[in-house]
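Residue-level listing of the chains:
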Amino acid sequence: QVQLVESGGGLVQAGGSLRLSCVASGRTFSTYAMGWFRQAPGKEREFVAGITWGGDVTYYSDSVKGRFTISRDNPKNTVYLEMNSLKPEDTAVYYCAADMKTFRHTLAGLTAGDFASWGQGTQVTVSS
């Protein structure tokens with residue numbers, strides 16, 4: 001089992017930037033992919049970005065592509081989400097999640113159900 005703790009959320013004006021962090025413990029961090037999801041009030045949880053265990057392949061939803069960057073620092077057991085050019089529609093609770101399988105080389109087609117462990121979430125609010 002993996003324990004995940006997110007941080008870095010907050011209130012920012014449209015066009016601003018935030019950097020989310022997620023620290024993992026409990027399993028060897030460098031063996032599994034990580035993802036970021038978000039959930040806005042009244043909406044379903046949606047995939048935002050994912051990164052493979054080695055950090056060599058990344059995936060983004062169309063809504064954040066070109067604005068958000070996911071990265072990981074395996075020695076620090078940490079995954080990051082750099083968010084730039086934020087929009088009011090990016091307002092949501094952001095969650096990091098750990099892949100239930102190890103050494104997966106592609107995240108194509110994965111859903112929230114493929115991620116076994118979740119953090120408590122961090123609120124991101126973008127004002128217009």
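Higher on the page you've got the structure.
Summary of the structure given here.

**Quick notes on the overall build of the protein chain**
Helix and strand counts for the protein chain stand at zero helices and 11 strands. Helices and strands appear in the protein chain in the N-to-C order β-β-β-β-β-β-β-β-β-β-β. Taken over the C-alpha trace, the protein chain has a radius of gyration of 14 Å; the compact-globule value for 128 residues is 14 Å, and the two agree within 12%. Along the first, second and third principal axes, the C-alpha atoms of the protein chain reach 40 × 25 × 25 Å. The long-range share in the protein chain, meaning contacts at least 24 apart out of those at least 6 apart in sequence, stands at 60%. Total accessible area computed for the protein chain in this model is approximately 6,200 Å², and 50% of it derives from carbon and sulfur atoms. Separation of charge centres in the protein chain, based on 12 positive and 11 negative side chains, amounts to 2 Å.

**Some points on the nonpolar core**
By size, the foremost hydrophobic cluster in this structure holds 28 residues, and its most contacted members are Met34, Trp36, Leu81, Met83 and Tyr94. When residues of this core are traced back to their parent elements, those giving at least two are β3 (18-25), β4 (34-39), β5 (46-51), β7 (68-73), β8 (78-83), β9 (92-99) and β11 (122-127). When residues no more than four places from it in sequence are discounted, the contact partners of Met83 are Gly16, Ser17, Leu18, Leu20, Arg67, Phe68, Tyr94 and Val124. Residues Phe37, Ala97, Leu107 and Phe115 belong to the second largest nonpolar core, which totals six residues.

**Points about the sheet that holds β3**
Strands pair in a sheet through their backbones, by hydrogen bonds, and they do so in one of two ways: parallel or antiparallel. Spatially, four strands are ordered β1-β3-β8-β7 in an open sheet, and the strand pairing comes out antiparallel. Looking at strand neighbours, the two that pair on one side only are β1 (3-7) and β7, the edges of this open sheet. Taken pair by pair, the neighbouring strands of this sheet meet at an average axis angle of 15°, ignoring direction.

**Describing unusual backbone geometry**
One non-glycine residue, Asn77, adopts positive backbone phi at about 55°. Assignment of secondary structure puts Asn77 in the loop between β7 and β8. Residue class for Asn77 comes out partly exposed when judged on its relative accessible area of 27%. In this model, Ser85 sits at a positive phi of 50°, which is unusual for a non-glycine residue. In this structure, Ser85 sits in the loop between β8 and β9.

**With respect to the pairing of β11**
Successive residues of a regular strand alternate their side chains across the two faces of the sheet. Residues Thr122, Val124 and Val126 line the buried face of β11, whereas the alternating positions Gln123, Thr125 and Ser127 sit on a face that is not buried. Direction of pairing for strand β2 (residues 10-13) relative to β11: parallel, over a ladder of four bridges. Looking at β11, one finds that Gln13 is bridged to Ser127. The pairing of β9 with β11 spans three bridges and is classified as antiparallel. Paired with Ala92 across the bridge in β11 is Val124.

Conventions adopted
Residues numbered from 1 in each chain as written. Predicted model: local features only at pLDDT ≥ 70, side-chain atom pairs only at ≥ 80, totals over all residues. Heavy atoms only, no water. Helix = DSSP H or I, 4+ residues; strand = E, 2+ residues; numbered from the N terminus. Rg over C-alpha atoms; globule rule 2.2 N^0.38 Å. Contact = heavy atoms within 4.5 Å. Areas by Shrake-Rupley, 256 points an atom, 1.4 Å probe, with all protein chains shown as cover. Lys, Arg positive; Asp, Glu negative; His and termini not counted. Charge placed at Lys NZ, Arg CZ, Asp CG, Glu CD. Core = buried A, V, L, I, M, F, W, Y, C linked by side-chain atoms within 4.5 Å. Buried < 20%, exposed > 50% of the residue type's maximum accessible area, 1.4 Å probe, protein only. Pairing = 2+ DSSP bridges. Axes fitted to C-alpha atoms, helices over the stretch in contact; angles between N-to-C directions.

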